[in-house]
Amino acid sequence: MDASLRNRIDAAVQSIRGFTGAAPELGIVLGSGLGFLADEVGQAVEIPYGAIGGFPQSTAPGHAGRLIVGSLFGRTAALMQGRFHLYEGHSPANVALPIYVLAALGMRELVVTNAAGGLNGDFDAGDVMMITDHMNFTGSNPLIGPNEESMGPRFPDMSRAYAPDLARRAHEAARRASVDLRAGIYAAVAGPALETSAERRFFRMAGADAIGMSTVHEVIAAAHLGIPVLGLSAITNKATGGPDQQPDTIEEVLENAGIAGAKIGRILAALFQKAGA
Ligand code: HPA
């Protein structure tokens, strides 16, 4: 992280402060097709990314590109409706930048969601997978460059990148919400081309259960900052690379993201809802 990035974080915080004085404790990144949770935010202040100084702009389908600050599950929350991807041409540091901005606003816990292909043959489209760990196959890392010591250590520990305590509570919440929650390892690639069938079989052999084009840079930033993360993948397509592999379409991905996304909403409500809220 270089000095200009530090300045951009400060500029973004200043822009957001012009819209709201709220200090969101909970940060949620909404993946492709998962934006609906934004409708449930009370006293919502919607801030288009274009109005946030220092923020990159989102171009991916299914990503509206705004920050929504308000009350969700009785907590003060900031939702990113739309995120930044390497495949759009954003640098790894840009992809991670909003996480530093949310941390500067007061975030104590981060929920990352995404759409992912199911490498694990036991998974069906429409399932939800809790991310227990990840493999970064993007070939990049947002922390390359000088380290900003005020943000975190040069060599952040990644051995518990997804907080075990949050994961345990999310499993219990899923049970209360009657959602069948899968668990597994998320592999990230840069995209935008989907993986070949040979690549998918390779990632499966390497131990991954789901594959997508996001999330890992944000989680690395959160680890750098020492912020606990819960990761949930919407399994949007079967991606085993086996003889029965079907061609993938964005329509299928977005449709199944909607199905899995509704389940993710129920899990998060059961997890974070404060009594009486
Ligand atoms: N591969 C990569 N990213 C994805 C997929 C996939 O199969 N499905 C949704 N996002």
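Residues numbered from 1 in each chain as written. Predicted model: local features only at pLDDT ≥ 70, side-chain atom pairs only at ≥ 80, totals over all residues. Heavy atoms only, no water.

### What about the overall build of the protein chain?
Working step 1: Looking only at helices and strands, the protein chain features six helices and nine strands.
Working step 2: What you see for the protein chain is a C-alpha radius of gyration of 18 Å, in line with the 19 Å of a compact globule of 277 residues.
Working step 3: If one aligns the C-alpha atoms of the protein chain with their principal axes, the spans along those axes are about 55 × 45 × 35 Å.
Working step 4: Counting the 277 residues in the protein chain, one finds 53% classified as buried.
Working step 5: Of the contacts made within the protein chain by residues no fewer than 6 positions apart, 83% connect residues no fewer than 24 positions apart.
Working step 6: In the form shown here, the protein chain has an accessible surface area of approximately 11100 Å², with 53% of it arising from carbon and sulfur atoms. (Helix = DSSP H or I, 4+ residues; strand = E, 2+ residues; numbered from the N terminus. Rg over C-alpha atoms; globule rule 2.2 N^0.38 Å. Buried < 20%, exposed > 50% of the residue type's maximum accessible area, 1.4 Å probe, protein only. Contact = heavy atoms within 4.5 Å. Areas by Shrake-Rupley, 256 points an atom, 1.4 Å probe, with all protein chains shown as cover.)

### Some words on helix α3 (residues 164-176)
Working step 1: Between its first and last C-alpha atoms α3 spans 19 Å; for 13 residues at 1.5 Å apiece the expected length is 18 Å, and the two agree.
Working step 2: Contact partners of the buried residues in α3: β5 (109-118), β6 (128-136), β7 (181-188), β9 (229-238) and α6 (250-272).
Working step 3: Taken from the residues just after α3, Ser178 is the one with a positive phi, measuring 55°. (Expected span 1.5 Å × (residues − 1).)

### A word on the pattern of salt bridges
Working step 1: Within this structure, the stated rule accounts for 13 salt bridges.
Working step 2: Measuring nitrogen to oxygen at the nearest pair gives 2.6 Å for the salt bridge that ties Asp165 to Arg168. Of this pair, Asp165 and Arg168 both sit in helix α3, three residues apart, which is roughly one turn of the helix.
Working step 3: Taking the relative accessible area as the measure of exposure, Asp165 reaches 39% and is therefore partly exposed.
Working step 4: The class of Arg168 is partly exposed, set by a relative accessible area of 43%.
Working step 5: Across the salt bridge formed by Asp248 and Arg200, the nearest N and O atoms sit 2.9 Å from each other. (Salt bridge = Lys/Arg side-chain N within 4 Å of Asp/Glu carboxyl O.)

### Things to note about the site of the ligand
Working step 1: The environment of the ligand is made up of Ala115, Ala116, Gly117, Leu194, Glu195, Arg200, Ile211, Gly212, Met213, Thr236, Asn237 and Ala239.
Working step 2: A distance of 3.0 Å is found between a nitrogen atom of the ligand and a side-chain nitrogen or oxygen belonging to Glu195.
Working step 3: When the free accessible area of the ligand is taken as 260 Å², the share hidden by the protein chains comes to 94%.
Working step 4: Secondary structure elements with two or more residues in the shell around the ligand: β5, β8 (210-212) and β9.
Working step 5: Counting residues per element, the shell around the ligand draws most heavily on β5, which supplies three residues.
Working step 6: Within the shell around the ligand, the residues separate by chemical class into six nonpolar, four polar and two charged. (Near = heavy atom within 4 Å. Polar contact = N/O pair within 3.5 Å; in protein donor to acceptor, adjacent residues only side chain to side chain. Nonpolar A, V, L, I, M, F, W, Y, C, P; charged D, E, K, R; others polar.)

### Observations regarding the packing of aromatic side chains
Working step 1: According to the stated counting rule, one finds seven aromatic pairs in the structure shown.
Working step 2: Relative to Phe272, the ring of Phe73 lies with its centre 6.4 Å away and its plane at 15°, an arrangement referred to as stacked. With Phe73 in the loop between β3 (66-72) and β4 (75-81) and Phe272 in helix α6, the pair connects residues that are 199 residues apart, well separated along the chain.
Working step 3: With a relative accessible area of 1%, Phe272 lands in the buried category.
Working step 4: Aromatic pair Phe137 and Phe203: ring centres 4.7 Å apart, planes at 65°, arrangement edge-to-face. (Phe/Tyr/Trp six-rings, centres within 6.5 Å; stacked < 30°, edge-to-face > 60°.)

### Quick notes on the nonpolar core
Working step 1: Counting residues in each nonpolar core, the largest one holds 46 residues, and the members touching the most others are Ile52, Phe55, Leu67, Val101 and Leu110.
Working step 2: Counting residues per element, this core draws most heavily on helix α2 (residues 92-105), at eight residues.
Working step 3: Once residues lying within four places of it in the same chain are set aside, the contact partners of Leu67 are Ile16, Val45, Glu46, Ile47, Tyr49, Ile52, Ala78, Leu79, Met80 and Leu102.
Working step 4: The next biggest cluster of nonpolar side chains, apart from the first, holds 34 residues, and it includes Ile28, Leu30, Ala163 and Ile267. (Core = buried A, V, L, I, M, F, W, Y, C linked by side-chain atoms within 4.5 Å.)

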